[in-house]
Amino acid sequence: MTPTDTSLAPPSTRAAGFGPPAGGGAAPPPGGYGAPPPGGYGAPPPGGYGAPPPGGYGAPPPGGYGGPPGSGGAPPGGPLMPGAGGDINTTLPLVLSVLSLFCCGLGTVLGIIGVVLSVQASNAKNRGDLESARGKAKMAVILASVGIALGLLGGVVSALAG
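Please read these numbers as outputs of a predicted model, since none were measured by experiment.

## What about the side chain of Ser97?
For Ser97, the position within the fold is in helix 2 (residues 91-101). Here Ser97 falls in the buried class, since its relative accessible area comes to 0%.

Okay, structure coming up:
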């Protein structure tokens, strides 16, 4: 068998377009195999592709990119810079409130209030109400700190008295 003789090739490869046609020696189709289609490749569609948009490509949209006049272009809800709006830590108030729960007496009550305020601060933060979240988180930290201090003070007093 010679390298170009594919008459002994399996029928599946002949049917897939490898080798000569199954008829044994039929002439190739008119124009040969792989000839470009009539009219060639890449011809533009009839009538062309259309004109560029008014104002050309890359021009800013009418009215510019900023917000409405007088807004200064700031996004809704104020600037998102560190220190100006920033992120509100709602984890610290929750941890301090849970620690305050383990203190006896008034510390437990203040810890429960602190946990409630911490959860409310987290929900307000998720809603985007940053001022309310900041206030509730601050109050939760204060109440939890007072609860822990009172619990420690009570523990010291009971240790000294006993």
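## Here's the deal with helix 2
Since the α-helix advances by 3.6 residues per turn, residues separated by three or four positions end up pointing in the same direction. Taken residue by residue, helix 2 has Pro93, Leu96, Ser97 and Ser100 as its buried positions. On an axial view of helix 2, the arc spanned by its buried residues comes to 100 degrees, and they lie on one face. Where helix 2 is buried, its residues contact helix 3 (106-127) and helix 4 (130-161).

## With respect to the nonpolar core
Counting residues in hydrophobic clusters, the biggest one holds five residues: Ile88, Ala121, Ala124, Ala133 and Ala137. Secondary structure elements with two or more residues in this core: helix 3 and helix 4.

## Quick word on the packing of helix 3 against helix 4
The packing of two helices is summarised by the inter-axis angle and the distance between the axes. At a closest axis distance of 8 Å, the pairing of helix 3 and helix 4 adopts a crossing angle of 160 degrees. When the interaxial angle is binned, helix 3 and helix 4 end up roughly antiparallel. Remark: the crossing between helix 3 and helix 4 carries left-handed chirality. Facing helix 3, whose interface residues are Leu106, Gly107, Leu110, Ile113, Gly114, Leu117, Ser118, Gln120, Ala121, Ala124 and Lys125, helix 4 presents Ser132, Ala133, Lys136, Ala137, Met139, Ala140, Leu143, Val146, Gly147 and Leu150. Partitioning the contact of helix 3 with helix 4 into residue classes produces 13 nonpolar, six polar and two charged.

## Thoughts on the environment of Gly154
For Gly154, the location among the structural elements is in helix 4. We classify Gly154 as partly exposed; its relative accessible area is 37%. Spatially, the C-alpha atoms of Gly154 and Gly105 are 8.6 Å apart, while their sequence positions differ by 49 residues.

## Regarding the packing of helix 2 against helix 4
Their axes nearest at 8 Å, the elements helix 2 and helix 4 cross at an angle of 30 degrees. The angle between the axes of helix 2 and helix 4 places the two elements in the roughly parallel class. Helix 2 and helix 4 meet at a crossing whose hand is left-handed. Where helix 2 abuts helix 4, its residues Pro93, Leu96, Ser97, Leu99 and Ser100 lie against Ala137, Ala140, Val141, Ala144, Ser145, Gly147 and Ile148. A class-by-class count of the residues in the contact of helix 2 with helix 4 yields eight nonpolar, four polar and no charged.

## Some details on the environment of Leu101
Position of Leu101 among the secondary structure elements: in helix 2. Sequence separation of Leu101 and Gly114 is 13 residues, and the distance between their C-alpha atoms is 9.1 Å. Residues within four places of Leu101 in sequence aside, it is in contact with Gly107, Thr108, Gly111, Ile112 and Val115.

## Describing a nonpolar patch on the surface
Taken together, the side chains of Leu94, Val95, Val98, Leu99, Leu101, Phe102, Ile112, Val116 and Val119 present a nonpolar region at the surface, about 760 Å² in accessible area. Listing elements by their share of the nonpolar patch, those giving two or more residues are helix 2 and helix 3. It is helix 2 that contributes the most residues to the nonpolar patch, five residues altogether. Looking at Val116, the relative accessible area reads 44%, which means it is partly exposed.

Thresholds applied
Starting afresh in each chain, residues are numbered from 1 along the sequence in its written order. Residues qualify for local features only when their pLDDT is at least 70, as the model is predicted, and side-chain atom pairs are given and counted only at 80 or more; totals for whole chains, interfaces and linings, by contrast, use all residues. Only heavy atoms go into the side-chain values, all of them from the structure, while hydrogens and water stay out. The way it works is that DSSP assigns letters per residue, a run of H or I at least four long becomes a helix, a run of E at least two long becomes a strand, and they are numbered from the N terminus. For the exposure calls, accessible area comes from a 1.4 Å probe over protein chains only, and a residue counts as buried if that area is under 20% of its type's maximum, exposed if over 50%, partly exposed in between. The arc in question is formed by the directions pointing from the helix axis toward the C-beta atoms. Only heavy atoms matter for contacts: two residues are in contact if any of them lie within 4.5 Å across the pair. Grouping buried Ala, Val, Leu, Ile, Met, Phe, Trp, Tyr and Cys residues that are joined through side-chain atoms within 4.5 Å yields what is termed a nonpolar core. Inter-axis angles, ranging from 0 to 180 degrees, are taken between N-to-C directions of lines fitted to C-alpha atoms, where helices are fitted over the stretch in contact. Should an angle fall under 35 degrees it is called roughly parallel, over 145 degrees roughly antiparallel, and 65 to 115 degrees roughly perpendicular, with every other angle called oblique. Handedness of a crossing is defined here by the sense of rotation of the near helix relative to the far one, left-handed for an anticlockwise turn of less than a right angle and right-handed for a clockwise turn. Gly is put with the polar residues, along with every residue not named as nonpolar or charged; the nonpolar set is Ala, Val, Leu, Ile, Met, Phe, Trp, Tyr, Cys and Pro, and the charged set is Asp, Glu, Lys and Arg. The patches described consist of residues with a relative accessible area above 30% and no salt bridge, like charges being joined within 9 Å and nonpolar side chains (Val, Leu, Ile, Met, Phe, Trp, Tyr) within 5 Å. What sets the accessible areas is the Shrake-Rupley method with a 1.4 Å probe; for residues, cover comes only from the shown protein chains. Salt bridges are identified by distance alone: a Lys or Arg side-chain nitrogen within 4 Å of an Asp or Glu carboxyl oxygen.

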